[in-house]
Amino acid sequence: MAAGPPVTISIEAACENQVQEVALDGTEAYLQPLSMSENLAKLAQKIDFNRSDSEGEEAQAQAQGGEEWAQRQQNSDDDDAMLKFQPSLWPWDTVRNNLRSTLTEMCVLYDVLNVLKEKKYMTLDPVSQESPPSKQGLQLCGKKKSLAGAAQILLKGAERLNKSVSENQEHKHQRDFNSELLRLRQHWKLRKVGDKILGDLSYRSAGSLFPHHGTFEVIKNTDLDLDKKIPDDYCPLDIMIPSDLEGSAYIKVSIQKQTHDIGDLGTVNLFRRSPPKTNPGTAHWQSKLEVAQNVLLCKEIFAQLSREAVQIKSQIPHIVVKNQIISQPFPGLQLSISLCHFVNDKKASKACVEKQRPDDHLYVLEHNLHQLMREFHKQTLSSSVMPHPASAPFGLKRMRLAGPQAYDKGEISALQQNEGLLEKIIKQAKHIFLRRRTARTIDSLASRIEDPQIQAHWSNINDVYESSVKVLITSQGYEQICKSIQLQLNIGIEQIKVVHRDGRVITLSHQEQELQDFLLSQMSQHQVHAVQQLAKVMGWHLLSFSNHVGLGPVESIGNASAITVASPNGEYSISVRNGPESGCKVVVQFPRSQCKDLPKSDVMQDSKWNHLRGPYKEVLWSKMEGRNFVYKMELLMAALAPCP
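Residues numbered from 1 in each chain as written. Predicted model: local features only at pLDDT ≥ 70, side-chain atom pairs only at ≥ 80, totals over all residues. Heavy atoms only, no water.

The next subject is the sheet that holds strand S15 (residues 505–508). Sheets are built from strands paired through backbone hydrogen bonds, the pairs being either parallel or antiparallel. Strand order in the open sheet formed by five strands is S11-S12-S13-S14-S15, and the pairing between neighbours is antiparallel. The open sheet has two free edges, formed respectively by strand S11 (453–458) and S15, since each of these has just one partner strand. Neighbour-to-neighbour, the strand axes of this sheet turn through a mean angle of 25 degrees, independent of strand direction. Here S11 runs beside strand S12 (residues 467–474); their pairing, made up of six bridges, is antiparallel. Paired with isoleucine 454 across the two strands is isoleucine 473, which belongs to S12. Contacting S11, S12, strand S13 (486–491) and strand S14 (496–499), helix H11 (residues 421–448) crosses the sheet at an angle of about 150 degrees to S11. Where helix H12 (residues 512–538) meets the sheet, it contacts S11, S12, S13, S14 and S15, and its direction lies at approximately 145 degrees from that of S15. (Pairing = 2+ DSSP bridges. Helix = DSSP H or I, 4+ residues; strand = E, 2+ residues; numbered from the N terminus. Axes fitted to C-alpha atoms, helices over the stretch in contact; angles between N-to-C directions. Contact = heavy atoms within 4.5 Å.)

Moving on, we get to the confidence of the model for the protein. Mean pLDDT over the protein works out to 78, with 73% of the residues at or above the 70 mark. Across the protein, the secondary-structure element scoring lowest on mean pLDDT is helix H8 (residues 346–351), at 43, and the one scoring highest is S14, at 93. Long-range and interchain partners of residues 262–272, a stretch whose pLDDT sits below 50, account for 29 contacts in this model, where long-range means more than four residues apart. (pLDDT = per-residue confidence, 0-100.)

Now for the packing of helix H6 (residues 177–187) against helix H7 (residues 284–311). Two numbers describe how H6 lies on H7: the axes approach to 11 Å, and their chain directions differ by 30 degrees. As for how H6 packs across H7, the hand of that crossing is right-handed. On H7, the residues touching Glu180, Arg183, Leu184 and His187 of H6 are Trp285, Gln286 and Leu289. Residue composition of the contact of H6 with H7, grouped by class: three nonpolar, two polar and two charged. (Left-handed = near helix turned anticlockwise from the far one by under 90°. Nonpolar A, V, L, I, M, F, W, Y, C, P; charged D, E, K, R; others polar.)

Here a ring pair, both rings aromatic, is described through the centre-centre distance and the interplanar angle of the planes. Within this structure, the stated rule accounts for four aromatic pairs. Both rings, one in phenylalanine 330 and one in phenylalanine 433, keep their centres 5.6 Å apart while their planes meet at 35 degrees; by these two values the pair is tilted. Remark: phenylalanine 433 occurs in helix H11 and phenylalanine 330 occurs in the loop between strand S9 (324–327) and strand S10 (333–342); sequence separation between them is 103 residues. The pair formed by phenylalanine 330 and phenylalanine 433 is uniform in burial state, with each residue classed as buried. (Phe/Tyr/Trp six-rings, centres within 6.5 Å; stacked < 30°, edge-to-face > 60°. Buried < 20%, exposed > 50% of the residue type's maximum accessible area, 1.4 Å probe, protein only.)

The next point concerns the pattern of salt bridges. Under the counting rule described, the total for this entry stands at six salt bridges. Between glutamate 180 and arginine 183 there is a salt bridge; the shortest N-O distance is 3.3 Å. Remark: arginine 183 and glutamate 180 occur in helix H6; sequence separation between them is three residues, near one turn of the helix. For glutamate 180, a relative accessible area of 1% puts it in the buried group. By relative accessible area, which is 32% here, arginine 183 ends up partly exposed. Taking the shortest distance from any N to any O, the salt bridge between glutamate 494 and lysine 430 comes out at 2.7 Å. Here glutamate 494, found in the loop between S13 and S14, pairs with lysine 430, found in helix H11; they are 64 residues apart in sequence, far enough to count as distant. Take lysine 430: its relative accessible area is 12%, and that puts it in the buried class. (Salt bridge = Lys/Arg side-chain N within 4 Å of Asp/Glu carboxyl O.)

Attention now goes to the environment of serine 306. With respect to the secondary-structure elements, serine 306 resides in helix H7. Contacts of serine 306, omitting those with residues within four sequence positions, involve Val320 and Ile325. Engagement of the side chain of serine 306 in a polar contact is seen with the backbone oxygen of phenylalanine 302, the distance being 2.8 Å. (Polar contact = N/O pair within 3.5 Å; in protein donor to acceptor, adjacent residues only side chain to side chain.)

Next up, the structure:
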């Protein structure tokens, strides 16, 4: 037979079960056949995943070509010089082989993942194990032991928390001196001079020129007994304030009637004002320093006012006696500005037990004084910091011009004038007094006179030197038709400007009687204007109207007003005369035909003269029914008007 290539033959074992054991009696015990999953696992164990397919193919190629290679060595002698390495016929053969092996491995990995993921290829059944017998007693003991351990841990944590809280509270009571000094430095200006720590209470950094040094000293509080319990308000830091700044002070501003005895001045009752409320958690030194700084500011304000009171030249000189400044804004009134300084000592407390006067203090003016002083500080600070030119005067250009366009001496002096604190506060006091007097006058007229009614609507937006109030004079029940009197009072410093509805402006002085007389005359005119408006509504005809009647008795307050109206058919006429003092007088003129006691005249023989109206007859106005003047007039017109 001719030699050919070797052929691989697969030989499989017979499908018989292997014999596991042969007994003495000849009985054979066979092994159970493998299941499909066990057979797959057995075959998978035979696979060498580390060996590539190219290695197997090379091994087969070497086995097949072994004989041919031996024959070639024998037949050819030139094969000795042949290279040991034979290159591939295709240059990308190695790359292809590597990619092919990689693809194979990825496919195998994909198959393995599918087998593990999807249940249709292979199913893993859990092995059932018998549960051990339950030991409930041991489990209960274990749970109790675990709970006891957890409770012990929680108790230890609670003890640590309580201990830390108590330590924090002790640290709060036992505050450190350095920490308190740091808090003090955050609010106040401090400096170290030698071995002392000094602070500044003055307003020099804000522009104050007051010569008081305003220095306080910071010391360490050593008044603590370690054997006793530490008080809650204990502080390791204490301050020493100058004796003239101790206690509390305020500026009292009041307007009073002028005293006849000059000896009463300077003996102001210094009633004790309640100390300012401190916020909880505020250090005691903070409130103490704030009160001392307020005392210093009050002293600076009073010193500035006293200086200006002496320097200002006025018609009525200002009086400065001890801790009080007296000025006379209006005749018969005096403005009192007092420095009330209360020192916490026993003597002063005994003196304050005396009976106190009613509090007539104007808190608004005290607040305005503090505001004006701060504006003065700001103005001083800005003037000192603002740069000044070196080669030309600083100011308006017109002040440096010459000729007709330049300022004269009076205009330049007017520009350079600057009002002081005393002048400003006197103007504000005048305005406040004039406003109060105006309100009191209007309220007294409204409570005294019921018909007509007077209403005052004060404006919420006012100035420190000017206020406005709108005065309406109406009749009850006829507010819609009687709107003729509407006044706008602009209250200034020394005078009151009254603006009428038609734009007329009347200037009144500060006298209370002048304002009262003016309002009474306006109320008198309102009654006549109400008759005019009512006549239009009732269909009566206006014959005459005058706000200033020249006949009859002369009124001491203003002038009387009069009006005459005729009925729609002209048979009756009503004449009304109303004065601020004389009051109201109403007369009715009847037709001549209704006057039986009228003497016959030889001149008027024709019957047409009988249609003329006869003499006037006065109406007893006090016996007329009605709640007010306009309602009575309406009833009178309705009675005299013809029936439709």
